[in-house]
Amino acid sequence: MENILEIKNLDISYSTHNGFLKSVDNLSITFEKGKVTGVIGESGCGKTTIINSIMKILPANAQIGKNSRIIFKGNDKNLLTIRKGELQDFRWRKASMVFQAAQNSLNPTLQISEQLMDSIWDHDSSISKKDCIRKTEKLLHMVRLNPERVMDSYPHQLSGGMRQRVIIAMALVLEPEFIILDEPTTALDVITQSFIFDILVDLQKQKNLSMILITHDLASAAKLAHNMVIMYGGELMEVAPSMKLFNNPLHPYTKGLLGAIPFIDGDIITKKSIDGTPPDLINKPIGCIFQDRCPKVFDRCKKEHPEIRDVPGSDGKRKVACHLEEIFNE
Amino acid sequence: MNKQSSLLKLENINMYFKLKNGDELQASHNVNLKIDNGEMVVVVGESGCGKSTVGKMSLGVLKPSCGTISLDGQDIWQKGFKWPAKLRTEVQVVHQDSFSSLNPVKTIFQTLSAPLLRHKLVKNKKEALVKINELLYSVDLTPVEYFIHKYPFQLSGGQRQRVSIIRATILKPKLIVADEPVSAVDASSRLSILDLMKGINKKHGIAFLYITHDLATARYFAPEGRIVVMYLGRVVETGKIKDCISGPAHPYLQALLTAIPHSDPQKAKEPIKIPLKSFDMPKATHPPSGCVFNPRCLYATDICTKEVPLLEKYRGRQIACHNKEDIPGFKK
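An account of the accompanying structure is given in this report. (Residues numbered from 1 in each chain as written. Chains lettered and ligands numbered in written order. Predicted model: local features only at pLDDT ≥ 70, side-chain atom pairs only at ≥ 80, totals over all residues. Heavy atoms only, no water.)

### Looking at the interface of chain B and chain A
- Each partner contributes residues to the interface: chain B has 39 residues there, and chain A has 37 residues.
- Contact with chain A buries surface across chain B, with B:S188, B:R219 and B:K269 losing the most and accounting together for 19% of the total.
- At the junction of chain B with chain A, the criterion picks out 0 salt bridges.
- Counting across the interface, chain B meets chain A through 11 residue pairs in polar contact (both at pLDDT 80 or more).
- For the side of chain B that touches chain A, the elements supplying multiple residues, two or more each, are α8 (187–204), α9 (215–221), α11 (251–259) and α12 (265–269) of chain B.
- No other element matches α8(B), which puts 6 residues into the side of chain B that touches chain A.
- Residues belonging to the side of chain B that touches chain A are distributed by class as follows: 21 nonpolar, 10 polar and 8 charged. (Contact = heavy atoms within 4.5 Å. Buried area = accessible area lost by both parts, 1.4 Å probe. Salt bridge = Lys/Arg side-chain N within 4 Å of Asp/Glu carboxyl O. Polar contact = N/O pair within 3.5 Å; in protein donor to acceptor, adjacent residues only side chain to side chain. Helix = DSSP H or I, 4+ residues; strand = E, 2+ residues; numbered from the N terminus. Nonpolar A, V, L, I, M, F, W, Y, C, P; charged D, E, K, R; others polar.)

Put into structure tokens, the structure is as follows:
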């Protein structure tokens, strides 16, 4: 099992008026090569902070912990501390990103062809105009857009779903092997959502891309993701292959979350919200971060912070951060 | 109340918006909607289908271009109708974004005591405090002392939405229009907000008009209720939620239901074929002639491009489709 990206002991805090907000707390994850890892969590769980630190686009008030390391493809360089030149090489050429609310991230005054060709030329000025156009057309085909319709259009002439597909094409421009998708389908209609996920599934298989899919929507993540990482309050709760996570969630938070999502089919009577509210990340509680909302809380949860541990027999693919021994004894 | 009149009735509503560039946008076309006392009605559709316009017209915020809206059998746009006082006490709203719909410089107490004092439901602030204490307790915003003097920004999205719901129920209305009330709430607390509204419906018999794009929450919210599916300003299918979701008859609803992720991850991973000819939504300013769905419909025939289909009874519901007998059954 080769890893495309490793995050080790990532600590990110934001300095705010009320003190330091611990957005990501001592978090370590590895992302498998050629696989899609879904990072799932509710708002404020730190999922966007993680990818912002991978791409080095953290806001100015963010502080990175001393021992934090992000390593790309086993290279010993720490992405958090690389120089500007190396960063330029890493960003977009090796790793690209599809942003949240991407519909608004296109330049409204540029035609689609200009936007796409700009980014090709910016990283490779030797390519001829003819080749560049051909390449752009190929990319648009890949995301199932008709180049004739799209190339000379301005963003406002396209629908939300079409703009989103242009953005996906843009992420593929330099043929990176690693793509980060930050909520790629929020604010789109269900039919368009399903279509875009279809395209992403195809692209991933064709090019054997490694992807991180950041989302709060477990149901649609299941379509694309091979592995899932469940986050809560800036910490990892559970790591598991998607199917296993759905069929047999282990952490009480994962159980609660799956139990709180109504589906279009199946039973609705047993569905129930998780009681309580998300934790205060400025004054984090001692012990488990989920203790206030956990139905299975006991003494130890309030005193001791649960470390993330391998579930026996899972080959290191399944990890849970919980004091409940029953999870590990099965 | 007049005999056999519904609580709220929208009859042959058309609503046009004049755009800056001279185009006319038809947000509602011949919409008929009836809500009885204590009923749960869900309006679903994708963005731009006119579902929020229906909500705003039900609230009396928008005046329809033509057609009548009546409350308890009285035309609300007729001269002499005591408006808005009656409408305000009988029809209330819960907005999507609780942050922008609560006054940021007023505490929860100030926000909630205003309608109580204005409509003389309490004599003074002291009584208001007692009443609001009870109300906060009833929606689980406890300890009450902790919440009552907070400002909206100090609460989480779910908590703010609870305050909005209290504000909507405080005047004991007959109908609450809830426009996407949970789309901005975290997934883990969404159901508790829906449960709260369901409870209010049961306890006080307040009717709900729930506007959403999310069919799964619609099904959870009103399993016994009625659904109105809209597409480009038209009602395409309406009936009992149970029937329409398990066996959609209109090709549009079938496509919509196919696109929704399945609860079984194994099935969700399988590639799905959405029964549509095209994924592009036509422009609302230039809707297709005949049936507005015809350019995307797999089963469209000549008549669909020429004649507008009317809502007709079909298998225990109403659908607007010329070829309803020829549409294959729904399988997922």
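Let's pick the thread back up.
### Describing the layout of surface pockets
- Considered as a void within the structure, the second largest pocket measures approximately 820 Å³ in volume.
- Along its surface, the second largest pocket is lined by 30 residues, and A:S159, A:G160, B:S47, B:M281 and B:P282 are the ones closest to its centre.
- Breaking the lining of the second largest pocket down by element, the ones donating at least two residues are α6 (160–172) and α7 (190–207) of chain A together with β2 (24–35) of chain B.
- Of the residues forming the lining of the second largest pocket, the biggest block, 4 residues, is contributed by α6(A).
- Its residues assigned to classes, the lining of the second largest pocket comprises 13 nonpolar, 10 polar and 7 charged. (1 Å grid on protein atoms, 1.4 Å probe; cavity = no way out; pocket = protein on both sides within 12 Å on 5 of 7 lines; lining within 4 Å. Points joined across faces, edges and corners; volume = space filled by probe spheres on them.)

### Some remarks on the pattern of salt bridges
- On inspection of all chains with the given rule, the structure shows 24 salt bridges over all chains.
- Residue A:K284 is joined to A:D25 by a salt bridge in which the shortest nitrogen-to-oxygen separation is 2.8 Å. Of this pair, A:K284 sits in the loop between α10 (252–259) and α11 (299–303) while A:D25 sits in strand β2 (residues 19–32), and the two are 259 residues apart along the sequence.
- Between B:K174 and B:E90 there is a salt bridge; the shortest N-O distance is 3.5 Å.

### With respect to α7(A)
Residues and elements named next belong to chain A.
- Here α7 contains 18 residues, and its C-alpha end-to-end distance of 26 Å stays within 8% of the 26 Å for a straight helix at 1.5 Å per residue.
- For α7, a buried count of 14 out of 18 residues is recorded, marking the element as mostly surrounded by other parts of the structure.
- Positive phi appears at N208, one or two residues downstream of α7, with a value of about 50°. (Expected span 1.5 Å × (residues − 1). Buried < 20%, exposed > 50% of the residue type's maximum accessible area, 1.4 Å probe, protein only.)

### Section: the sheet that holds strand β5 (residues 74–75) of chain B
Residue and element names in this part refer to chain B.
- Spatial strand order, β2-β1-β4-β5: 4 strands in an open sheet with antiparallel pairing. Two strands lie at the open edges of the sheet, namely β2 and β5, each paired on one side alone.
- Taken together, the 5 bridges between strand β1 (residues 8–18) and strand β4 (residues 66–71) define a ladder with antiparallel strand orientation. By the bridge assignment for β4, N14 is matched with C66.
- Contacts from helix α1 (residues 51–58) reach β1, β2 and β4, with the element oriented near 120° to β1. (Pairing = 2+ DSSP bridges. Axes fitted to C-alpha atoms, helices over the stretch in contact; angles between N-to-C directions.)

### Notes on the packing of aromatic side chains
- The tally for this structure, following the rule as stated, stands at 12 aromatic pairs over all chains.
- Relative to A:F178, the ring of A:F72 has its centre 5.9 Å away and its plane inclined at 50°; by these criteria the two rings are tilted. Pair noted here: A:F72 is in strand β5 (residues 69–72) and A:F178 is in strand β7 (residues 178–182), with a separation of 106 residues, a long-range link.
- A:F72 sits in the buried class, given a relative accessible area of 8%.
- A relative accessible area of 0% places A:F178 in the buried class.
- Among the aromatic side chains, those forming a connected cluster through ring pairs are A:F72, A:F90 and A:F178.
- Just above the ring of B:Y146 sits the side chain of B:K150; from NZ or CZ to the centre is 4.1 Å.
- The ring of B:Y220 carries B:K198 above its face, with NZ or CZ at 4.2 Å from the centroid. (Phe/Tyr/Trp six-rings, centres within 6.5 Å; stacked < 30°, edge-to-face > 60°. Lys NZ or Arg CZ within 6 Å of the ring centre and 35° of its normal.)

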